[in-house]
Amino acid sequence: MSEDRDGRTPTPPDGGRARRPSYGQVRRDRIDALATAGTVDDEPGVSLIRSAWKRLRRNPIFLLGAAITLAFIVLAIISPWIAPWDVTARPLLDQVRPQTNPVPGPEPGHLLGGDDRGRDLFSRLLVGSRQTLIVGVFATLFGLAGGITLGTVAGAIGGWVDSLVMRIVDVMLSVPSLLLAFTIASLARSPSQWTLIVAIAVIQVPIFARLLRGSMLAQRGSDHVLAARSLGVRPRAIVFRHMLPNSLGPVIVQATLSLAVAIIDAAALSFLGLGNPDQRQPEWGQMLGLAQKYISEAPHLAFYPAGCIIVVALGFTLMGESLREALDPKTRR
Amino acid sequence: MTQAQATRHPRGASEPLLSVRDLRVTFQRQGDAAFKAVDGVSFDVRPGQTVGLVGESGCGKSVTSLAIMGLLPERGNTVEGKAVFDGEDLLTLSPSAMRDRRGAEIAMIFQDPLSSLNPVITIGRQVTEVMERHQGLSRKQATPKARDLLERVGIPDPKARLVNYPHQLSGGMRQRALIAMALACNPRLLIADEPTTALDVTIQAQILALLKELVVDTGTALVMITHDLGVVAGLCDEVNVLYGGKVVERGGRHGLFKRPRHPYTVGLLNSIPRLDAPLGEKLDPVPGSVADNLPWASACAFAPRCSQVVDACTSHTPEWEGDHVVGHRCFNPMGGTP
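Here the residue numbers are simple positions, counted from 1 along each chain's written sequence. By the order in which they are written, chains take letters starting at A while ligands take numbers starting at 1. Note on the predicted model: pLDDT of at least 70 is required for a residue's local features to be given, and 80 or more for side-chain atom pairs to be given and counted; whole-chain, interface and lining totals, by contrast, use all residues. Derived side-chain values reflect all non-hydrogen atoms in the structure, with water molecules and hydrogen atoms excluded from consideration.

- Per an unreviewed UniProt entry, chain B goes by the name ABC transporter ATP-binding protein and belongs to Nocardioides hwasunensis.
- The UniProt entry for chain B carries this comment under Subcellular location (unreviewed entry): "Cell membrane". UniProt positions are given in the numbering used here, feature names are shortened, and annotations may be inferred rather than shown by experiment.

- Going by what an unreviewed UniProt entry lists, chain A is known as ABC transporter permease and is assigned to Nocardioides hwasunensis.
- UniProt lists a comment for chain A under the heading Sequence similarities (unreviewed entry), and it reads "Belongs to the binding-protein-dependent transport system permease family."

### Thoughts on the UniProt feature "domain: ABC transporter" (unreviewed entry) in chain B
Next, step 1: Sites flagged by UniProt as "domain: ABC transporter" (unreviewed entry) map to residues 20-269 of chain B.
Next, step 2: The annotated region residues 20-269 of chain B carries 40% helix and 25% strand content, and the separation between its end C-alpha atoms amounts to 26 Å. Secondary structure counts use DSSP, requiring at least four H or I residues in a row for a helix and at least two E residues in a row for a strand, with both numbered from the N terminus.

### A look at the packing of aromatic side chains
All names here are of chain A.
Next, step 1: Aromatic contacts are taken between Phe, Tyr and Trp rings whose centres are within 6.5 Å, Trp giving its six-membered ring; a plane angle under 30 degrees counts as stacked, one over 60 as edge-to-face, and the others as tilted. One pass over the full model with this rule turns up eight aromatic pairs over all chains.
Next, step 2: Here the aromatic rings of F138 and W194 are separated by 5.9 Å at their centres, their planes lie at 65°, and the arrangement is edge-to-face. Remark: W194 occurs in helix α7 (residues 193-220) and F138 occurs in helix α4 (residues 121-157); sequence separation between them is 56 residues.
Next, step 3: Working definition: with a 1.4 Å probe on protein chains only, accessible area under 20% of the residue-type maximum means buried, over 50% means exposed, and in between means partly exposed. The class for F138 is partly exposed, based on a relative accessible area of 33%.
Next, step 4: The exposure class of W194 is partly exposed, given its relative accessible area of 44%.
Next, step 5: Taken together, a centroid distance of 5.7 Å and an interplanar angle of 75° make the contact between F303 and Y304 edge-to-face.
Next, step 6: Assessed through its relative accessible area of 29%, Y304 is described here as partly exposed.
Next, step 7: An aromatic cluster is present here, built from F72, W284 and F316 joined pairwise through their rings.

### Quick look at the state of the cysteines
Residue and element names in this part refer to chain B.
Next, step 1: Disulfide: a pair of cysteine sulfur atoms within 2.5 Å of each other. Evaluation of the coordinates by the stated rule reveals zero disulfides over all chains.
Next, step 2: With no disulfide of its own, C236 has C59 as its nearest cysteine by sulfur position, at a separation of 14 Å.
Next, step 3: The buried category is assigned to C236, whose relative accessible area is 0%.

### A look at the interface of chain B and chain A
Next, step 1: By definition in these notes, contact holds between two residues if any of their heavy atoms fall within 4.5 Å. The interface is formed by 32 residues belonging to chain B together with 24 residues belonging to chain A.
Next, step 2: Together, the buried faces of chain B and chain A total about 2200 Å²; carbon and sulfur atoms form 56% of this surface.
Next, step 3: Two parts placed together each lose some accessible area; with a 1.4 Å probe, that loss summed over both constitutes the buried area. Contact with chain A buries area across many residues of chain B, yet E129, R133 and H167 of chain B alone supply 24% of it, more than any other trio.
Next, step 4: One speaks of a salt bridge when a side-chain nitrogen belonging to Lys or Arg is within 4 Å of a carboxyl oxygen belonging to Asp or Glu. At the junction of chain B and chain A, the tally comes to one salt bridge.
Next, step 5: Of the charged contacts in the structure, one is a salt bridge between E129 of chain B and R241 of chain A, with a shortest N-O distance of 2.5 Å.
Next, step 6: Here a polar contact is taken to be a pair of N or O atoms separated by no more than 3.5 Å, where protein atoms must pair a possible hydrogen donor with a possible acceptor and residues adjacent in sequence count only if both atoms sit in side chains. The interface formed by chain B and chain A contains ten residue pairs in polar contact (both at pLDDT 80 or more).
Next, step 7: Going through the elements one at a time, α2 (61-69), β6 (106-109), α4 (123-135) and α7 (171-183) of chain B are the ones with two or more residues in the side of chain B that touches chain A.
Next, step 8: When residues of the side of chain B that touches chain A are assigned to their parent elements, the largest contribution, five residues, is made by α4 of chain B.
Next, step 9: For this classification, Asp, Glu, Lys and Arg are treated as charged, while Ala, Val, Leu, Ile, Met, Phe, Trp, Tyr, Cys and Pro are nonpolar and the rest, including Gly, are polar. Taken together, the residues that form the side of chain B that touches chain A break down as 16 nonpolar, eight polar and eight charged.

This is the structure:
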């Protein structure tokens, strides 16, 4: 349909001088490369998923990523019951001295000490994982839903519909994603976690849409789709039974990677004050924002939530990357 | 089954089931010169008959079958001529009418059985899908039929295979499953596009025997597309040899092998290794390859590779000498002009 269908990077018109590809172009190319990876193409007799799992099981990087991810998810779910203190309680309030000691240090029963209002920092960190998980997961799910819808429409109908959808997607991809999320989040009258979720979901949509559309196009020309057509299977069944299930692999892998990005972006927006301002629901980005005030006296207030964000994002990234590698026929053995 | 038996006729004695007349397929990409992939092909297929389309890669045999099936891409090509199936010209049918015929009346078997099966759904589901589509059965009603069908195409333990995925089957089993899908609605015409190319020799023989048996049992007409003259010798009643998008020779199986007229047919026959030839004897392949832009317009396209070339070959287009049963397209046929 268009020049980018076969994934070629356009050569610079001036020939000699190498021109750096635009920001949008770089992102588009990366997504297109992903679309061709992870499509089903396997040695006979061995299921793609089984052979991938065999290799993943022995991959320390995957195991580390999966362990971090699993621990994070479990903690996020059970944190309100295992946190030693209520997140709104202020057990260290009597030690807070605005002039001399604004942030109480660690002491028995308070592993990481308290924050500027005398609340237990460790408990708030634990419970904070919950908001972070909710925002990351829902933003990715909504982004996935939107991306799959747009990608299916573009890849299945083709023609001018495909061109239209993909140009919109290209426009969205050419705007730096955090800037776009920032703009969308600031449209909300009162910030909440849903503002974050919507803003981050919107910036994920074009990534998933382009990825899915790419692998749908590859499926459209595949032998088994031709075989299904030769048996008179209706177009709708071809799209939903034959093309879509075979195209989802790279999209699911991308979703794991997107979770990490969603968590980081959520923390960034929250830090900038576009997240949930309600301190009864702690969130790592929000805690990071609150820590600014005491950054010289008590840098650990910022250090702990930031460290948590880094570790969790790393966990998802390690897991996603090793999944992608395991499912990519080009990197196999 | 009853319908299939009703159409069973003695070989060649009935009206053609499919009659392709002057089929032309031209590929045209914007800015490029038009490329004639199929250039005036005509042939007939009668019920119960097996017709071979033979030629090397690029001679237009697969494009012919896709054009008859209406499976060519929507854009970038023009199809002219007629393909009359049971009184209707398939090339003028609407896409939805054509979809109703495909799978029910005409079915196709493809070359690579692994890539032609959907990897994420079970064999049983893929067979029942066709019956649900064309016979209005529920999945529950279609499942026992699918099991019988798998048994008929020689798949052992068909009940267990119904819930298997394509990657769990061997190559031969996959091709059998594809044949089962194609036969699910008892089509009257089956087009097999190199059905044995991707298989081991022993499996090839089994699949060919199966096809032969099914054709005899059900009276299905079969169009066999192949580059393998061994397949033709074992299976086809009538053979059409294609070169550069035109039929260059046609004949019954026995006549064609005993007395080939066109030098290209001779070349194809000579390039088959023979077990009874003395050791050390070199094969005699057809030199060169199918040229990209074919000069049928003013010469014989085979002339550059031909051992029998005469002056007329490079200045005039050879006309078809013969009828719808036997004939050739050559100025200087082997064995002289009669």
